Structures are given as C-alpha cells and as structure tokens.
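Coordinate analysis (summary)
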Amino acid sequence: MNKIICNDTLSALQNMPDETVDMGVTSPPYNKQENKKGWLVKNVKYDTACDKLPENDYQAQQIQVLNELYRTIKLGGSFFYNHKIRWERGELLHPMSWLSQTDWTIRQEIVWDRGLAANIRGWRFWQVEERIYWLYKPIDKKKIGTELLSKHAKLTSVWRFMPEGKNPHPAPFPLTLPLRAIYAIMDDNKGIIIDPYAGSGTTLLAAKLLGHDYIGIDISKEYINMANERINNYQNEQNILEREIEKHIVKTSSADRKKQNKSQGRFSPQNKNKHGQAILF
Ligand SMILES: C[S@@+](CC[C@H](N)C(=O)[O-])C[C@H]1O[C@@H](n2cnc3c(N)ncnc32)[C@H](O)[C@@H]1O
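Presented here is a report on the structure given in the accompanying data block. (Residues numbered from 1 in each chain as written. Predicted model: local features only at pLDDT ≥ 70, side-chain atom pairs only at ≥ 80, totals over all residues.)

**Observations concerning the site of the ligand**
- Within the structure, the ligand sits among 20 residues, and Ala49, Pro172, Tyr197, Gly199 and Thr202 are positioned closest to it.
- Here the residues of the shell around the ligand sort into ten nonpolar, eight polar and two charged. (Near = placed C-beta within 6 Å. Nonpolar A, V, L, I, M, F, W, Y, C, P; charged D, E, K, R; others polar.)

If you want it as structure tokens, here you go:
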C-alpha cells in the first residue's frame, strides 16, 4: 500500500489478491511502434519499456491486464482506461475492439478534447482527441450500477483540458484527468486507487491529494523515482485540485432554475451568437 512496484504490469497484477482495490485510472503504452515515426503522430520512447509489439499480441496483452484488474477490483468498482484511436497502414484500430473482449462492463466512452496534439502528416483531419473508457464491475450482474451524484453527473462526456506541458515523462496525462475520475466515483469516501502503468505517478498524486491510499506499478526505476518525488511534494498541486473541485458543485437545483425561468439544459437563452444560435457553455 502507498508504494510503486517496479515490475512488469501483468506479473505484478497476477500476484495481487482478489477484490481489494476500489478503483483505478491508467494510460497504458499505446503500441506506437517506436521506429515508425510518421504513420502515427508522435514518437514516444520510454526508457525501459518496449512499445513495439505485433498489434495482435499487444491487444491480447491488454485484455489479460484488464482482466487481472477486473479480478483485483472490488464489486461495484470502476476503472478509467485512457487510450486513443490509432491507424496502421490505413486500418483503424479502435480500443473498443479489445475492451469488448474483457470481463468489464463498458459504462461510458468519454472523449478527451486535448485541444492540441503533435501532428506530422495530413492524411486525416488533425486528431486532437483521446478516449477515456469508464469500465465497471457490476454487483449481482446489475450492469447499470449506482447513480453518480448530480454534482459529478453535470460534467459532460467531453472532457476539455490541455495535455500536460511541464512533466519530463515522455507520455504523462494531466493531473485533472485522474482527479476528475477519482473524485466523481469516490466522492468523499476513502479507498485504494491503482495505476498499473503509473509512469510519473499522476494518478497516485491525484489519489494522495484526495486522501486515498494507492498502488502503482511501472517497469522504470527512473519514472518511479519521479513519481515518488511528486507524491512527496503533493501540496504543490493543491491549486489544480481546488480548480477541479470547483467544477463539481451544483449551485441551484433543476426545480429552482425552472422557478426562476432560467436555462434547464446546457444552453443559456441569454448566450446567443449574432445568428441567434445558442452558445454551448
Ligand atoms: C503512457 S505512460 C503512463 C504515464 C502516466 N499516466 C503519467 O501521467 O505519467 C505508460 C507507462 O507504462 C510503463 N510501462 C510500459 N510497459 C510496461 C510494462 N510491461 N510493465 C510495467 N510498466 C510498463 C512505461 O514505463 C510508462 O511509464
């Protein structure tokens, strides 16, 4: 507990007991094929891990990892899996094709609008989005699960924030991503959060900021040192936590807004552009 295991993800997970973890968040290696710069967008190189497997082996490995996570997470628990649509020689590779083969119930596909991304070639429109899959482990086979509190459910299925800019890890996600996922699911309850590809420890830092215990796994000693350093200095990120928490507040109920003749949905009648069209806020 509150440690980062330096090992291969699958081997480390296989040594973990059943149903002990509350939830997890991760971004695995994307199998970007390292040396084939250009057919995807950006070349990511990890210091220890190899990100270059035959695609079928990669997908089979991800299914095994996800099923081990399913086993270790408690009934009613969730896992947020960040990935993206890739192309290999014109063929679209969609994360759903392996996620649908795992034990998990796919609860939602969230679009992460990064606003920008490295772009090398123009075969397609500039891809600035990634996906975050909310995976769920049902209790008594009830796939629908429990409701989110309104203050979390009012956030939309499009998450808009920029990629991480300052972190020296080659592929970090921004702290807002795990903060939002963990806070929405755990609210004020405390539990154990896992990141099986912890990298620079962004998920674990989010867990620490929100008062949870954590377990991390990564194969790189250097990234683990980076992660421990960030977790030890977690107070430095308090402002990012506060900015995220501010978004999870419901100021007036739907009934109050109706009484005051205010907007019920995500469009405000006051906010119209010069063509009279409602502006999304
Ligand atoms: C996309 S990065 C995760 C970055 C992390 N979300 C962050 O914000 O820093 C993937 C991580 O998985 C690690 N990794 C790749 N293959 C692994 C394996 N087989 N076992 C353990 N770790 C692995 C890499 O070292 C890398 O740090």
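**Structural notes on the sheet that holds strand β1 (residues 3-6)**
- Spatially, β1-β10-β9-β2-β3-β7-β6-β8 is the arrangement adopted by the eight strands of the open sheet, whose pairing is mixed. Sheet topology places β1 and β8 (158-160) at the edges, where each strand pairs with a single neighbour. In this sheet, adjacent strand axes meet at a mean angle of 20° when their direction is disregarded.
- This element, helix α2 (residues 55-72), spans β2 (21-26) and β3 (73-83) of the sheet and lies at about 150° to β3.
- Sitting on the sheet, helix α7 (residues 221-232) touches β1 and β10 (213-218), and the angle it makes with β1 is about 175°. (Pairing = 2+ DSSP bridges. Helix = DSSP H or I, 4+ residues; strand = E, 2+ residues; numbered from the N terminus. Axes fitted to C-alpha atoms, helices over the stretch in contact; angles between N-to-C directions. Contact = placed C-beta atoms within 7 Å.)

**Remarks on the pairing of strand β9 (residues 192-195)**
- Side-chain alternation along β9 places Ile192 and Ile194 on one buried face and Ile193 and Asp195 on a second face that is also buried.
- Bridging between β2 and β9 involves two bridges; their strand directions are parallel. Bridge pairing in β9 links glycine 24 to isoleucine 194.
- Where β9 lies against β10, four bridges are found, and the strand directions are parallel. Bridge pairing in β10 links aspartate 195 to glycine 216.
- Of the crossover connections in this fold, the one passing from β9 over helix α6 (residues 202-209) to the parallel β10 is right-handed. (Buried ≥ 20, exposed ≤ 12 C-beta atoms within 10 Å, placed from the backbone. Right-handed = clockwise from strand over helix to strand, strands pointing away.)

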